[in-house]
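Listed below are the residues making up each chain.
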Amino acid sequence: MKQIENKMLRTLTEYGIITFSIWVMVVGVYFFKFPNNFAFGGVTGFATVISALTHWSASQFTNIVNAVLLVLGFLFLGRGFGIKTVYATLVMSLSLYILERICPMKGPLTSEPLLELIFAILLPSVGSALLFYVGASSGGTDIIAMILKRYTSFNIGTVLLLVDVTGVIMAYFVFGPQTGLFSSLGLLAKSLVIDDVMENMNLCKCFSIICDDPAPICDYIIHGLNRSATVYEAQGAFTHHKKTVILTTMKRSQAMKLRNYIRTVEPSAFILISNSSEIIGKGFLTN
């Protein structure tokens, strides 16, 4: 996202990703999570339980709680309350409201709860990962986390996990063992899927290139791929010939170009390529 130099275009792109991410989440929640009473995942997890105990629908409860948490966010966080999170929360509430009006759900889409559980986990997880990628969140319990982080010394991860676990435990009593077990499985899988999606989104290729002539390779890295590299001298352990080692890191799409170029200009070069999703520095992560 930082590669987009035009500020307005970058902002529009970010909010476009946020909107798309929320729609992906809403599809997973509304069509797969709510009809099956899967009670994992913050506010929407609690919504399935509250819906069974009251006259509210799960969408109505989610929207009411999100509105209350938005107000609390403004009261306790003020300017520190992210505008992206506010926008994401409003888009989610509006999307759930529209879907409930134009496409009311009377029950699950299929007779395969395990299949629907997969989509109830996968779609919101992908949406959440995309939101994290642009520095936003879907609100809900994330707002509680922001407030706790500012005013208390609680372990936020533990608090949010307790919230999720409470919703799952309630599912056992309200919906029975089968739904409770599905909700437990969903809770376990959710964080794993989010982490995996995030890792693949940030995945880069790290090159260690051992060659005789570094000049054309470095020139291609700098001018052809708009990246930089670190170069140092080395010596072969068997031949004792002097070699040059080039270290560089880039996105996967650029990595293929560099590999093909090296094969063309110096086929005898020795190339080590590894994956990394946490690279901190200019052009990559900044903190």
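Everything here concerns the structure above.
Everything numeric in this text was worked out from a predicted model, so none of it was measured. (Residues numbered from 1 in each chain as written. Predicted model: local features only at pLDDT ≥ 70, side-chain atom pairs only at ≥ 80, totals over all residues. Heavy atoms only, no water.)

A.B. asks: Any details on the pattern of salt bridges? Residues and values, ideally.
C.D. replies: By the definition in use, this model includes 3 salt bridges. As a salt-bridge pair, Lys84 and Glu14 come within 3.2 Å of each other at their nearest N and O atoms. Of this pair, Lys84 sits in helix α4 (residues 83–102) while Glu14 sits in helix α1 (residues 7–36), placing them 70 residues apart in sequence. Side by side, Lys84 and Glu14 carry an identical accessibility label, which is buried. Measuring nitrogen to oxygen at the nearest pair gives 3.6 Å for the salt bridge that ties Glu100 to Arg101. Overall, the relative accessible area of 16% leaves Glu100 in the buried class. (Salt bridge = Lys/Arg side-chain N within 4 Å of Asp/Glu carboxyl O. Helix = DSSP H or I, 4+ residues; strand = E, 2+ residues; numbered from the N terminus. Buried < 20%, exposed > 50% of the residue type's maximum accessible area, 1.4 Å probe, protein only.)

A.B. asks: So what's going on with the state of the cysteines? Which residues, and what values?
C.D. replies: With the rule as written, the count across this model stands at 0 disulfides. This cysteine, Cys211, is not joined by any disulfide, and Cys218 carries the nearest cysteine sulfur, 7.1 Å off. Residue classification places Cys211 among the buried residues on the basis of a relative accessible area of 1%. When its relative accessible area of 15% is taken as the criterion, Cys218 is described as buried. (Disulfide = S-S within 2.5 Å.)

A.B. asks: For the nonpolar core, give the residues involved together with the corresponding values.
C.D. replies: Within soluble globular proteins, side chains that are nonpolar tend to cluster in buried spots. Formed by 39 residues in total, the largest nonpolar core has its most connected members in Ile18, Ile22, Phe34 and Phe40. Mapped onto this core, the elements with two or more residues apiece are α1, α2 (42–53), α3 (58–77), α4, α5 (113–133), α6 (141–151) and α8 (177–201). Formed by 13 residues, the second largest nonpolar core is a distinct cluster that contains Ile209, Ile217, Ile262 and Ala269. (Core = buried A, V, L, I, M, F, W, Y, C linked by side-chain atoms within 4.5 Å.)

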